[in-house]
Amino acid sequence: TYPSPDFTFSPEAPKPGSVVLDATKTTDEGVPCVTCTYVWNVEGVQYSGPVVAVLFEAPGSYSVILRVIDTTGTMSSTGKVIEVKDEEAEEEEEMP
């Protein structure tokens, strides 16, 4: 069967700086996929491992694709867009 890639990122409302991408909820045949290979593509830069820290230096929308390969070579992928917001812009919006 195909792995079921899944990932979260923290903080949930990131500002410029380090964001942790966590794919430890990925499963293969209904169980955690501890033997899978994890390949991340973040705006064209590759990372590997189930948990990685990525530096987003500026506000913007960043495409993150996670590709998971199990021990039989079966691959599956998923993706999300992470919105990195400028801290100063958020403060200005909150003012009445």
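Up top you'll find the structure we're talking about.
Heads up: these notes are all about the structure in this document.

What counts and how
- Residues numbered from 1 in each chain as written.
- Predicted model: local features only at pLDDT ≥ 70, side-chain atom pairs only at ≥ 80, totals over all residues.
- Heavy atoms only, no water.
- Helix = DSSP H or I, 4+ residues; strand = E, 2+ residues; numbered from the N terminus.
- Contact = heavy atoms within 4.5 Å.
- Disulfide = S-S within 2.5 Å.
- Buried < 20%, exposed > 50% of the residue type's maximum accessible area, 1.4 Å probe, protein only.
- Lys, Arg positive; Asp, Glu negative; His and termini not counted.
- Salt bridge = Lys/Arg side-chain N within 4 Å of Asp/Glu carboxyl O.
- Polar contact = N/O pair within 3.5 Å; in protein donor to acceptor, adjacent residues only side chain to side chain.

Remarks on the environment of V20
Piece 1. As for its placement among the helices and strands, V20 is situated in strand β3 (residues 17–22).
Piece 2. Separated by 35 residues in sequence, V20 and L55 have C-alpha atoms that sit 8.8 Å apart.
Piece 3. In contact with V20, other than residues within four places in its own chain, are T8, F9, S10, V51, V52 and A53.

Side note on the state of the cysteines
By definition, a disulfide links two cysteine residues through a covalent bond between their sulfur atoms.
Piece 1. Applying the stated criterion across every chain, the model contains 1 disulfide.
Piece 2. Here C33 is linked by a disulfide to C36, with a sulfur-sulfur distance of 1.5 Å. Taking the torsion about the S-S bond as the criterion, the C33 to C36 disulfide, at about 70°, is right-handed.
Piece 3. Using a relative accessible area of 9% as the deciding quantity, one classes C36 as buried.

Observations concerning the side chain of D70
Piece 1. Along the chain, the position of D70 falls in the loop between β9 (60–69) and β10 (75–84).
Piece 2. Of the side chains bearing the opposite charge, R67 lies closest to the buried D70, which forms no salt bridge; the N-O distance is 12 Å.
Piece 3. Here T72 takes part through its side chain, which lies 2.7 Å from a polar atom of the side chain of D70.
Piece 4. Not counting residues within four places of it along the chain, the set of residues in contact with D70 comprises T1, P3, D28 and C36.

Observations concerning unusual backbone geometry
Piece 1. Between S10 and P11 the backbone carries a cis peptide bond, its omega angle lying at 0°.
Piece 2. Looking at the secondary structure, you find P11 in the loop between β2 (8–10) and β3.
Piece 3. The phi dihedral of E43 falls on the positive side, at around 55°, and the residue is not glycine.
Piece 4. Positionally, E43 belongs in the loop between β6 (37–42) and β7 (45–48).

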